[in-house]
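Residue-level structural notes
Here is what each chain is made of, one letter per residue.
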Amino acid sequence: MNPSFPVTANIVIIGGGAIGTSIAFHLARAGIKDVVLLEKSKLTEGATWHAAGLVGQFRSQQNLMSLMNDSVKLFDTLLEETGQDPSWCKVGSMRIASSPDRWKELQKSYSSAQAVGFEMNMMTPSEAKEIYPLMEVDDLVGAAFIPDDGHIDPNSLTQAYAKGIRKYGGRIIEGVMVKDLVRKGNRITHVVTDHGNIEVDTVVNAGGLWARQVGWMAGVEIPAGIVEHQYLVTEKTDEIPANLPAFRDPDGGYYAKPEPGALAIGGWEKITKKVNPKEGFPWGYERHLFDADMDRLEEFLEPAMHRLPILGKLGIRTIINGPIPISPDGEPIMGPVPGLDNFFAACAFTSGIAASGGAGKAAANWIIHGDPGLDLWAFDIRRFGALHAGQKFLHDRAVESYAKYYAIHWPGEELNSARGVRRSPLYQTLKTQGAVFGSKFGWERPNWFAYGDVPQEDVFGWDRPGQDSTVGREHKAAREGVVMIDMSSFTKFEISGRDACRFLQYLAVANVDKKPGHATYTQLCNAQGGIEADVTIIRRSQDCFWLITGSGLGVRDGDWITRNMQKFCSSSGTDVRLRDITSGYGVINLAGPLARKVLEKVTDIDVGNDDFAFMSAKDIRIGYAPAVAYRVTYIGELGWELYIPTEYMQYVYELLQNAGQEFGISNVGYRAVDSMRLEKRYLAWGSDITPDYNPYEAGLQFLIDWQKGDFLGADALTTIRDKGVTRKLACLTLEYPMTVFGGEAVFSGGKAVAQTTSGNFGYTIGKSLVLGYLPTELIGQNEFEVEAFGQRSKAVLVNGAAYDPKRQKILC
């Protein structure tokens, strides 16, 4: 062994690309000692060295935009801080719209940009041509220009990070191959290399193209696949102006990056190729490139030559067809890996150069403080499960996500690959009855139901085409009659043991210590008071509870519960157990003002309000079948969630449908649910509430039980309670029925003051409505406007819920 090779380290980062070096830089800069970065070859080799280096900040979500903006802020100062020039060219970027629908997408983005104070300039074709004179604009609809975007040299950037690492006391060791990770229980204890073993406290997987294989060393699956991506570089010419902005033509499927006297033209083709999906990427292929694929190249080169006629005059100097990492949904993978206490992932970055500065900062915060500093659910590894990491699912989804990179992202559009995987027992029955399905965590869930002459297929557009007669019809049925909603995809955990109640009292803000048969709606907060989960807890017996959460939140919430349970159970003798029972029970939500009339026909217990109160649960029989009936609502109507062992689901559904015929019973999908929950101001985790928000801001402080003793987040929430908050969640109805989806800018006095978190049309109240966090000083006034697709509407603040604010329909 080399005597200078470390035998211990605080943090070992595996991978010397832009992401790995940025994380090491930020850790060392924060004063973390004994940070070691291991690179099996040389820095940048893998995916970094052949990256195009475009830097675009705009993203659909505010926090993701903040992360990209953190990159640009760092690029601005990296030369001064490290002494190494990262070759950052802040020349701006142009994104054009060649179709009316693409222009609407840009208008939607512009509203979001205004909401967060992000500079984005909308331009006419002639204005755009002044900035990008190489462009043909006769058939152009418009463009958006972001002045703080640009491009950067990947190698120079990585070397700047490396110089910063060394400046702040970190260590980089090149030419070291990681061979294995020694795991003891839930911890990695040693990193095994060809130079010796390193005893370690924390390991970061920034393995890029090899991240999946590094995961295998730790005994976990990282859903990071690889596909081919190619671009060409033209011959040089004096006709290409200096300081030309970066250029994106999503309708044409390509981008153009300025090179000295030339252009690099790359694209996101309709079909790319999977790379080594079974065995992983060969370890020795650090600088491997594939043969040029001229058919794929032609797909984006032809529209590029139409828009940029100069390309017709220039030959091709080189073609780069290289491997890039990608996840099933095309977004990066970050965060603590479930099942391990000290293994962190930062991989699958398709735009890793642009994201590196912000991702490194967030990752360092996450490792040091247990929190990235902003909600990064869209990047969180826990949005995926074992299903997504299977090589076929992973790569089929990755290829489709790649193809849709520049596609118009229609609201509500579903991916088509890897479908039909997880099915409720009612799947075929509902399909026969007109269900149009969406996909959530592999589950097929009815989004809406076709009827009559309405085709059983989705139609997408910016104005929710056809939904007034489909979703609106379901909405009306739920408000006036009785409906069934298949909610089998709910994640269901059983938490049991002698100390289960004591643990849940610590984990939740509300009081869960109620008699068996009672339920609690509560948030699970972190130490800062941020909302980590939004759940229902049903007490099944003295020492057994069911915790119900969203379909796509099982891995995340399960990981949060498990990590806190391990801390809680650190003392010997503590008895708490967690079990996922999702697959054991289907769920039918029987809801609507006539729901009681249907349920009482098929069960022999009294389901009247006096004997079966709101937020209570009972073991009942529906016909011959056992079920747990839980009286609750997410749509604002009388209703029960019926938890039914899966083998009885079809029988119970048929029994309810037959019993409800005289009341006009019908099916309802999730799109109607979203419309109805907004009318009731019911919140959705991931949009309306996240770790960035606390219960006082969200208006959920009434759920906190201050009398029950200590709980997670109590100290922070006490401070928040005493000091007050600067923003509060509010509901606004629009005077003009604009189509809203969330992300729109809210204006007051002509100034953007907030961004909406959710938006939809309320078919009962007959108005569009949005949720958003307003500055507290504006709560109470009514001079608001909301902007969507270039239009503004006056907006009225709603006091409480827009529908049934006194909860009379729920409590009847």
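Residues numbered from 1 in each chain as written. Predicted model: local features only at pLDDT ≥ 70, side-chain atom pairs only at ≥ 80, totals over all residues. Heavy atoms only, no water.

**Re the pairing of strand β35 (residues 751-762)**
Worth spelling out the cut-off: Two strands qualify as a pair provided DSSP detects at least 2 bridges between them. Numbering of helices and strands runs from the N terminus, with a helix taken as a DSSP run of H or I at least four residues long and a strand as a DSSP run of E at least two residues long.
As judged from the four bridges shared by strand β34 (residues 745-748) and β35, these two strands associate in the antiparallel manner. Across the sheet, residue A745 finds its bridge partner in β35, namely Q755. Linking β35 back to strand β36 (residues 767-775) in an antiparallel pair, the connection comprises four residues, with G766 at a positive phi of about 75 degrees.

**A closer look at the sheet that holds strand β5 (residues 93-97)**
Under the convention used in this document: Only C-alpha atoms enter the line fits that serve as axes; for helices the fit covers just the stretch in contact. Angles between N-to-C directions range over 0 to 180 degrees. Contact between two residues is taken to exist if any of their heavy atoms lie within 4.5 Å; hydrogens are not considered.
Strand order in this open sheet of eight strands is β6-β7-β5-β14-β15-β16-β13-β17, and the pairing throughout is mixed. Both edges of this open sheet fall to β6 (121-123) and β17 (316-326), since each of them pairs with a single strand only. Between one strand axis and the next, the sheet turns through 20 degrees on average, direction left out of account. With six bridges joining them, strand β15 (residues 254-259) and strand β16 (residues 262-267) adopt antiparallel strand pairing. Each bridged residue has a counterpart across the sheet, and for K257 the counterpart in β16 is A264. Across the sheet, helix α7 (residues 294-307) touches β5, β13 (225-234), β14 (246-249), β15, β16 and β17, and the angle it forms with β13 is around 45 degrees. Across the sheet, helix α10 (residues 391-403) is in contact with β13, β16 and β17; its angle to β13 comes to roughly 30 degrees.

**Focus: the packing of aromatic side chains**
Where we set the bar: The pairing test for Phe, Tyr and Trp rings, Trp by its six-membered ring, is centres within 6.5 Å, and the orientation test on the planes gives stacked under 30 degrees, edge-to-face over 60, and tilted for anything in between. Charge-over-ring placement is defined geometrically: NZ (Lys) or CZ (Arg) within 6 Å of the ring centre, and within 35 degrees of the ring normal.
Scanning the entire structure with this criterion turns up 28 aromatic pairs. Each residue in the set W268, Y402, Y405 and Y406 is aromatic and connected to the rest through ring pairs, giving one cluster. The cationic tip of R445 hangs over the ring face of Y670; the distance from NZ or CZ to the ring centre is 3.7 Å.

**What about the nonpolar core?**
Note the cut-off: Buried residues of nine kinds, namely Ala, Val, Leu, Ile, Met, Phe, Trp, Tyr and Cys, make up a nonpolar core once their side-chain atoms join them within 4.5 Å. For the exposure calls, accessible area comes from a 1.4 Å probe over protein chains only, and a residue counts as buried if that area is under 20% of its type's maximum, exposed if over 50%, partly exposed in between.
Counting residues in hydrophobic clusters, the biggest one holds 47 residues, and the most contacted among them are I13, I23, L27, M334 and L376. Breaking this core down by element, the ones donating at least two residues are β1 (8-14), α1 (18-29), β2 (35-39), α2 (62-82), α5 (154-167), β19 (343-347) and α8 (352-369). Of all the elements, α8 adds the most residues to this core, at nine residues. Not counting residues within four places of it along the chain, the set of residues in contact with I13 comprises G20, I23, A24, L27, V35, V36, L37, L38, V204 and A206.

**What to know about the pairing of strand β7 (residues 142-146)**
The buried fraction of β7 amounts to five of the five residues, a majority that puts the element mostly inside the structure. Here β5 pairs with β7 via five bridges, running antiparallel. Paired with I96 across the strands is A143, a residue of β7. Where β6 and β7 come together, three bridges link them in antiparallel fashion.

**Quick word on the side chain of T237**
Counting through the fold element by element, T237 comes out in the loop between β13 and β14. What T237 contacts, discounting residues up to four positions off in sequence, is G261, I310 and L314.

**Details of unusual backbone geometry**
Despite not being glycine, T44 shows a phi value in the positive range, around 85 degrees. A relative accessible area of 4% places T44 in the buried class. Phi at M615 takes a positive value of approximately 65 degrees, unusual for a residue other than glycine. You can see M615 is positioned in the loop between α15 (595-602) and β29 (617-622). The class for M615 is buried, based on a relative accessible area of 16%.

**Comments concerning the layout of surface pockets**
The cut-off we apply is this: Buriedness for pockets is judged along seven lines, at least five of which must meet protein on both sides within 12 Å for an open set on the 1 Å grid over protein atoms alone, while cavities are sets there where a 1.4 Å probe fits but cannot get out, and lining residues have an atom within 4 Å of a point. Grid points are joined across faces, edges and corners, and a volume is the space filled by probe spheres set on the points. Three classes are used: nonpolar for Ala, Val, Leu, Ile, Met, Phe, Trp, Tyr, Cys and Pro, charged for Asp, Glu, Lys and Arg, and polar for all others, with Gly counted as polar.
Here the second largest pocket defines a volume of roughly 1000 Å³. What lines the second largest pocket is a set of 45 residues, among which W366, H369, G370, D371 and W560 lie closest to the centre. Within the residue set of the lining of the second largest pocket, elements represented by two or more residues are β19, α8 and α14 (554-568). Sort the elements by how many residues they give to the lining of the second largest pocket and α14 lands first, with seven residues. In terms of residue class, the lining of the second largest pocket is made up of 19 nonpolar, 13 polar and 13 charged.

**Remarks on the sheet that holds strand β24 (residues 519-525)**
Strand order across the open sheet formed by five strands is β24-β25-β26-β23-β27, with antiparallel pairing between neighbours. One side of each edge strand has no neighbouring strand; the edge strands of this open sheet are β24 and β27 (577-580). Each strand axis lies, on average, 30 degrees off the axis of its neighbour in the sheet, ignoring direction. Where strand β25 (residues 531-541) meets strand β26 (residues 544-549), five bridges bridge the pair, whose relative direction is antiparallel. Opposite I537, over in β26, you have L547 as the bridge partner. The strands touched by helix α13 (residues 500-507) within the sheet are β23 (491-496), β24, β25 and β26, with β23 carrying the most contacts at an inclination of about 125 degrees.

**Notes on the packing of α1 against α2**
What counts here: Left-handed describes a crossing whose near helix is turned anticlockwise from the far helix through less than a right angle; right-handed describes the clockwise counterpart.
Viewed as axis vectors pointing N to C, α1 and α2 meet at an angle of 65 degrees, and their least axial separation amounts to 14 Å. You can see that α1 and α2 cross each other, and the crossing is left-handed. Within the contact between the two elements, α1 uses F25, H26 and R29 and α2 uses L74, L78, E81 and T82. Counted by class, the contact of α1 with α2 contains three nonpolar, two polar and two charged residues.

**Side note on the environment of V91**
Within the secondary structure, V91 is located in the loop between β4 (88-89) and β5. Separated by 411 residues in the primary sequence, V91 and R502 have C-alpha atoms spaced 58 Å apart. Not counting residues within four places of it along the chain, the set of residues in contact with V91 comprises F145, P147, D149, G150, H151, N243, L244, P245 and A246.

**Brief notes about the pattern of salt bridges**
The condition that has to hold: For this document, the term salt bridge refers to a Lys or Arg side-chain nitrogen within 4 Å of an Asp or Glu carboxyl oxygen.
Considering all chains together, one arrives at 42 salt bridges under this definition. Among the salt bridges present, the one from R577 reaches D575, with a minimum N-O distance of 2.5 Å. With a shortest N-O distance of 2.9 Å, R792 and E787 are connected by a salt bridge. Several salt bridges share partner residues, and in doing so they unite E228, E269, K273, D293 and R296 into one network.

**A look at helix α3 (residues 100-115)**
Selection criterion: Each residue after the first adds 1.5 Å to the expected span of a helix.
The terminal C-alpha atoms of α3 lie 23 Å apart, and with 16 residues this matches the ideal 22 Å at 1.5 Å per residue to within 8%. The complete set of buried residues in α3 reads R102, W103, E105, L106, Q107, S109, S111, S112, A113, Q114 and A115. Of the residues one or two after α3, G117 is the one with positive phi, at around 70 degrees.

**Thoughts on a negative patch on the surface**
For the record, the criterion: In this scheme, patches are assembled from residues that exceed 30% relative accessible area and form no salt bridge. Like charges are connected within 9 Å, while nonpolar side chains (Val, Leu, Ile, Met, Phe, Trp, Tyr) are connected within 5 Å. Areas reported here follow the Shrake-Rupley algorithm with a probe of radius 1.4 Å; residue values treat only the protein chains shown as occluding. When charges are tallied, Lys and Arg are placed among the positive residues and Asp and Glu among the negative ones, while His and the ends of the chain are skipped. Working definition for charges: the position is that of NZ of Lys, CZ of Arg, CG of Asp or CD of Glu.
Side chains of E600, D606, D610 and D611 sit close together on the surface and give a patch of like negative charge. You can call D610 exposed: its relative accessible area is 77%.

**Points about the environment of D293**
Along the chain, D293 turns up in the loop between β16 and α7. Between the alpha carbons of D293 and I319 there is a distance of 9.2 Å; along the sequence they are 26 residues apart. Sequence-distant contacts of D293, that is, excluding residues within four places in its chain, are made with Q230, K273 and N321.

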